[in-house]
Amino acid sequence: MNDLVGMLMNQLGDDNLENLGNQAGLNKDQTKTALQGALPVLLGAMAKNTANKGGADALNGALDRDHDGSILDNLGGFLSSGDQGMGGSILKHVLGGQTSQIENGLSQKMGVSSSSISTILKMAAPILLGMLGKQKKEQGLDAGGLGSLINMASKMGGSNQSGGLDIGDLIGMVAGAQGGSSRGGGLIGMLGGLFGKRR
């Protein structure tokens, strides 16, 4: 199943959506809409970096070490904590210098404040990696299979062009921020530094 966004939304459920919304200052419906815009952008950024073997191998190793899906077993606790530290670090490396522009673009498309979008992105990023780790285990994916899964999922999410700004435009902005498929930047660089130690 390649609809990772749909799977993650189902995993959250109403209570966790409400919990996340409380952190972001949004109601449940606004939170759901914001997530449905933010998650494809994160997937698009990851797809750009896993398009080459080095990037796919780096993500594969990071999921093995630090993101086996266990975060999904206690989403309520994670969301209640309001801990945005790891998510903020992930965004810094995945979205680069375009983080503010991405947040503003999503804010315009989703009709919520950029500060709310920032919170949504920071809380969603570790959950998304946890979901990828779970899929990797359940499907027995290697680095190549993981890259293919992310690529297909990002295309599904990136096709959402309803209203205002096209999500695909934001994903394109991410690619520019990463400087293309450079092996030294983007998600690959993040994995070397951010996930070098078990947290």
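Residues numbered from 1 in each chain as written. Predicted model: local features only at pLDDT ≥ 70, side-chain atom pairs only at ≥ 80, totals over all residues. Heavy atoms only, no water.

### With respect to helix α7 (residues 114-139)
The test is simple: Only DSSP runs of H or I with at least four residues qualify as helices, and only runs of E with at least two residues qualify as strands; both kinds are numbered from the N terminus onward. Each residue after the first adds 1.5 Å to the expected span of a helix. Working definition: with a 1.4 Å probe on protein chains only, accessible area under 20% of the residue-type maximum means buried, over 50% means exposed, and in between means partly exposed.
Counted at 1.5 Å a residue, the expected span for α7 with its 26 residues is 38 Å, and the 36 Å between its end C-alpha atoms agrees. Across the 26 residues that make up α7, a large majority, 19, are buried. Looking one or two residues past α7, Gly140 carries a phi angle of roughly 65 degrees, positive in sign.

### Description of the confidence of the model for the chain
The test is simple: By definition, pLDDT measures how confident the predictor is in each residue, and it falls between 0 and 100. We call two residues in contact when some of their heavy atoms are within 4.5 Å.
For the chain, the mean per-residue pLDDT works out to 78, and 76% of the residues sit at or above 70. Within the chain, α7 carries the highest mean pLDDT (92), whereas helix α10 (residues 186-194) carries the lowest (40). Of the regions scoring below 50 in pLDDT, residues 158-165 engages in 15 contacts with residues more than four places distant in sequence or in other chains. Taken together, the stretch residues 177-199 has pLDDT below 50 and engages in 54 contacts with residues farther than four places along the chain or on a different chain.

### Description of the packing of helix α3 (residues 53-66) against α7
Stated formally: Fitting a line to C-alpha atoms yields each axis, with helices limited to the stretch in contact; the angle taken between N-to-C directions then spans 0 to 180 degrees. Any angle that falls under 35 degrees is termed roughly parallel, while one over 145 is termed roughly antiparallel, one within 65 to 115 roughly perpendicular, and all others oblique. Residues are grouped as follows: Ala, Val, Leu, Ile, Met, Phe, Trp, Tyr, Cys and Pro are nonpolar; Asp, Glu, Lys and Arg are charged; every other residue, Gly included, is polar.
Two numbers describe how α3 lies on α7: the axes approach to 9 Å, and their chain directions differ by 90 degrees. Of the possible angle classes, the one that applies to α3 and α7 is roughly perpendicular. Residues Leu59, Asn60, Leu63 and Asp64 of α3 form the contact with α7, whose participating residues are Leu129, Leu132, Gly133 and Lys136. Taken together, the residues of the contact of α3 with α7 sort by class into four nonpolar, two polar and two charged.

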